[in-house]
Amino acid sequence: MLLELFVVFFLSGVSIWLVRHYAPIIGLLDIPNERSTHKNVIPRSAGIGFSLAVFIVFTLFHSDLMMEYVWTSFAIVMVFMIGVLDDHHDTSPRTKFVVIILATIFLSFDGIKIDDLGDFFGVHLSLGWFAVPFTIFAVTGFTNALNLIDGLDGLSATMSIVILSVFMFVGIEYHDMFLITLSSLLIVALLAFLLFNWHPASIFMGDSGSLTLGFIISVLAIKSLAYIPTVSILFIAAVPILDTLVVMIRRKRNGRSFFSADRCHIHHILRHFFAENTPRTVITLGVMQLIYSLTGLQLDKQTDEGMLLVLFLLNVVLLYLFLDAMIKRQKREC
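A brief structural summary. (Residues numbered from 1 in each chain as written. Predicted model: local features only at pLDDT ≥ 70, side-chain atom pairs only at ≥ 80, totals over all residues. Heavy atoms only, no water.)

Quick look at the state of the cysteines
This structure, assessed with the given rule, holds one disulfide. What pairs with Cys-264 in a disulfide is Cys-334, and their sulfur atoms sit 1.7 Å apart. Looking along the S-S bond of the Cys-264-Cys-334 disulfide, the torsion reads about -90°, which is the left-handed sense. Taken together, the residues span a long stretch of sequence, with Cys-264 in the loop between helix 11 (238-253) and helix 12 (266-273) and Cys-334 in the segment after helix 14 (305-330) at a distance of 70 residues. Owing to a relative accessible area of 2%, Cys-264 belongs among the buried residues under this scheme. Given the relative accessible area of 15%, Cys-334 is considered buried. (Disulfide = S-S within 2.5 Å. Helix = DSSP H or I, 4+ residues; strand = E, 2+ residues; numbered from the N terminus. Buried < 20%, exposed > 50% of the residue type's maximum accessible area, 1.4 Å probe, protein only.)

As structure tokens, then:
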């Protein structure tokens, strides 16, 4: 295992360096706009580098797992490809959603779907025919959530490393090689990426990275449902989910589209609070995610999901009120 982790770290670092070097030639550049936190043109699509490193090592060292989850592997590659295309010439949101939906359907061919939600206030919820539609809703929602939080140097990678570490721990505890392998390979590949992406970043992951990461984390979350409560996933991946929910609630209350862009995400607000200190903001959100993830890991599968859901929704309300107060104090237009 140590050999493959070393190989994926090395391949990820070299691949990202190559992408950064040739990005201006092949048109993989991030042009700053009024919502950007950076002022200079920065290469993007580091996701190509660390994703390819993971794909290569997974194929070479774990061909048995790849064949066992052949549809899942194909689905991940689909999402990766649409991310690469988007990095190159801004694919429409509709196209990205269609591809993610198709990829999620392919997951069900390997049995990766949410078909049982557990007990809510004494009522057992089995989805039956609604399993695939609900899985599509969950996967597209989280994939988009991780994409939305990719707004500061090192933030998405830090969030993902924390979340993936929990799924790796679940895999180790329950001897699930798929969870162990994919989580550990991605963690090490992202550590190599952070060498380039920590503030001040010399390259961004782009949609080739954030979409692929969000989709793979969704896959691992669904696989983990065999061992942990359904609602615990909301805590394990809390920060991206909470941020997306709070932003959408605020936009709805203000009469704006769910998909309108602004600078009112949690990382924008905290960064201003920390006097535009990006590393401090990222570390704070990373610690916040770690606390939530460890909380989710402690939840027992026999616990009534209804009570856990109420606890999570209480966190949504409290975060909304806290950020709303911060927005008013900072006089933001949201």
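Regarding helix 4 (residues 70-89)
Here helix 4 contains 20 residues, and its C-alpha end-to-end distance of 29 Å stays within 8% of the 28 Å for a straight helix at 1.5 Å per residue. Looking at helix 4, one finds that the buried residues are Thr-72, Ser-73, Ala-75, Ile-76, Met-78, Val-79, Phe-80, Ile-82, Gly-83, Val-84, Asp-86 and Asp-87. Tucked inside the fold, the buried residues of helix 4 contact helix 2 (46-61), helix 3 (63-68), helix 5 (93-109), helix 8 (177-197) and helix 9 (206-224). Phi for Asp-90, located one or two positions after helix 4, is positive at around 50°. (Expected span 1.5 Å × (residues − 1). Contact = heavy atoms within 4.5 Å.)

Comments concerning the nonpolar core
Among the nonpolar cores identified, the biggest contains 100 residues, and Phe-193 and Phe-215 are the most heavily contacted of them. Residues in contact with Phe-215, not counting those within four places in the same chain, are Ala-75, Ile-76, Val-79, Ile-100, Ala-103, Thr-104, Leu-107, Val-139 and Thr-143. (Core = buried A, V, L, I, M, F, W, Y, C linked by side-chain atoms within 4.5 Å.)

A few points about the pairing of strand 3 (residues 116-120)
With four bridges connecting them, strand 3 and strand 4 (residues 123-126) associate as antiparallel partners. The partner of Asp-116 across the bridge, within strand 4, is Ser-126. Linkage of strand 3 to strand 4, two consecutive antiparallel strands, is achieved through a turn of two residues, within which Phe-121 is found at a positive phi near 55°. (Pairing = 2+ DSSP bridges.)

Topic: the side chain of Thr-181
In this structure, Thr-181 sits in helix 8. For Thr-181, the side chain forms a polar contact with the main-chain oxygen of Met-177, separated by 2.7 Å. (Polar contact = N/O pair within 3.5 Å; in protein donor to acceptor, adjacent residues only side chain to side chain.)

Let's talk about the packing of helix 4 against helix 9
Two elements in contact, helix 4 and helix 9, have axes separated by 7 Å at closest approach and are oriented at 155°. Between helix 4 and helix 9, the interaxial angle falls into the category roughly antiparallel. Our pair here, helix 4 against helix 9, has a crossing hand that is right-handed. Contact residues: helix 4 offers Thr-72, Ala-75, Ile-76, Val-79, Phe-80, Ile-82, Gly-83, Val-84, Asp-86 and Asp-87, while helix 9 offers Gly-206, Asp-207, Ser-208, Leu-211, Thr-212, Phe-215, Ile-216 and Val-219. When grouped by side-chain class, the residues that make up the contact of helix 4 with helix 9 number 10 nonpolar, five polar and three charged. (Axes fitted to C-alpha atoms, helices over the stretch in contact; angles between N-to-C directions. Parallel < 35°, antiparallel > 145°, perpendicular 65-115°, else oblique. Left-handed = near helix turned anticlockwise from the far one by under 90°. Nonpolar A, V, L, I, M, F, W, Y, C, P; charged D, E, K, R; others polar.)

Quick look at unusual backbone geometry
For the bond from His-199 to Pro-200, the omega torsion is -5°, close enough to zero to count as cis. Secondary-structure assignment places Pro-200 in the loop between helix 8 and helix 9. In this model, Phe-121 sits at a positive phi of 55°, which is unusual for a non-glycine residue. In this fold, Phe-121 is placed in the loop between strand 3 and strand 4. Residue classification places Phe-121 among the exposed positions, given a relative accessible area of 55%. With phi around 65°, Glu-276 is a residue other than glycine that occupies positive phi space. Position of Glu-276 among the secondary structure elements: in the loop between helix 12 and helix 13 (278-298).

Considerations on the environment of Leu-3
Following the sequence through the fold, Leu-3 ends up in helix 1 (residues 2-26). Linking Leu-3 and Arg-44, residues 41 residues apart in sequence, is a C-alpha distance of 28 Å.

Observations regarding the packing of helix 7 (residues 155-174) against helix 13
Between two packed helices, the angle of one axis relative to the other and the distance separating the axes together describe the packing. Direction vectors running N to C along helix 7 and helix 13 enclose 20°, while the axes themselves pass 9 Å from each other. With respect to each other, helix 7 and helix 13 are oriented roughly parallel. The chirality of how helix 7 crosses helix 13 is right-handed. Here helix 7 contributes Leu-155, Thr-158, Met-159, Val-162, Ile-163, Val-166, Phe-169 and Val-170 to the contact with helix 13, which in turn contributes Val-282, Leu-285, Gly-286, Gln-289, Leu-290, Ser-293 and Leu-297. Tallied by class, residues from the contact of helix 7 with helix 13 come to 11 nonpolar, four polar and no charged.

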